[in-house]
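Each chain, letter by letter, is given below.
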Amino acid sequence: MAKLKSKYKAQYKSANPDRSIQTFYRVALRNHIKLSDIADTKANILLSVNAIIISLVLSNLISKLDNPSNAYLIWPTIVFITFSIISMVLSIIATRPNVTRGQFTKEDVEQKKVNLTFFGNFHRMKLEEYQWAIDEMLKDKDYVYSSLTKDLYFLGKVLDRKYRILRTTYSIFMAGMIISVIAFAISFNSQAQTNREATSALQQGYYIELIHQPKDASPA
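The structure displayed is predicted, hence computed values, not measured ones.

Peer 1: Is there a simple way to think about the layout of surface pockets in this case?
Peer 2: Taken as a whole, the largest pocket encloses approximately 650 Å³ of empty space. In this structure, the largest pocket is lined by 25 residues; those nearest its centre are N98, T100, F118, F119 and V158. For the lining of the largest pocket, the secondary-structure elements that each account for two or more residues are α2 (17-64), α3 (74-95) and α6 (141-212). If you tally residues by element for the lining of the largest pocket, the top one is α6, at seven residues.

Peer 1: What is the right way to read the side chain of D108 from this model?
Peer 2: Within the secondary structure layout, D108 lies in helix α4 (residues 106-110). There is no salt bridge for the buried D108, and the closest opposite charge comes from R101, which lies 4.4 Å off by N-O distance. If we ignore the near neighbours within four places in the chain, the residues touching D108 are R101, K113, V114 and Y143.

Peer 1: Help me out: how do you make sense of a nonpolar patch on the surface in this one?
Peer 2: A cluster of nonpolar side chains, M174, I178, I182 and I186, forms an exposed patch at the surface whose accessible area comes to about 410 Å². The class of I186 is exposed, set by a relative accessible area of 56%.

Criteria and cut-off values
Residues numbered from 1 in each chain as written. Predicted model: local features only at pLDDT ≥ 70, side-chain atom pairs only at ≥ 80, totals over all residues. Heavy atoms only, no water. 1 Å grid on protein atoms, 1.4 Å probe; cavity = no way out; pocket = protein on both sides within 12 Å on 5 of 7 lines; lining within 4 Å. Points joined across faces, edges and corners; volume = space filled by probe spheres on them. Helix = DSSP H or I, 4+ residues; strand = E, 2+ residues; numbered from the N terminus. Buried < 20%, exposed > 50% of the residue type's maximum accessible area, 1.4 Å probe, protein only. Lys, Arg positive; Asp, Glu negative; His and termini not counted. Salt bridge = Lys/Arg side-chain N within 4 Å of Asp/Glu carboxyl O. Contact = heavy atoms within 4.5 Å. Patch = residues over 30% accessible without salt bridge, like charges linked within 9 Å, V, L, I, M, F, W, Y side chains within 5 Å. Areas by Shrake-Rupley, 256 points an atom, 1.4 Å probe, with all protein chains shown as cover.

Now the structure itself:
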């Protein structure tokens, strides 16, 4: 029974060679589109998170920087906002679409140079010209597969660019969070040390004043 099934499958594959090719292109294109959606979602998450962070910083910390006693918060806040802005800019770059020419010539179709599966190659063409180009492409099966292959390749190039920028963005965002926390910790520690020294100096001055007061004088 197993031999009959394997023999039937072999005969089916040999009789339908295009089916496996179509399945390959369908699965590959679907995977590319899913990965592109994931990349866009990750970029949108980073963009939203950093926008919320900046709005909270502007509404809470900036108002406190007017007070001279909070001057120690200036540099940590600048570092924090700078890394957030860089992350936002990179997130926008990762999702920003590229502008394409959107046109082709009859020679491009005849020489099989244009990829008609991508809208960026025909969005400025007239409907009649596009229909003619599609009809010419469908006459040649190799041209169809070549167009699908080009579509896969350039989708992969776009994904590579997106994920490289996203990796850099996440690295900068993570480094920014760590550096900002360290900067705030150092600033708080430095300010606490300054306050302790000021308090100690005031106490020492008060005790010295008490020591040098006349014995019959009483402290105010």
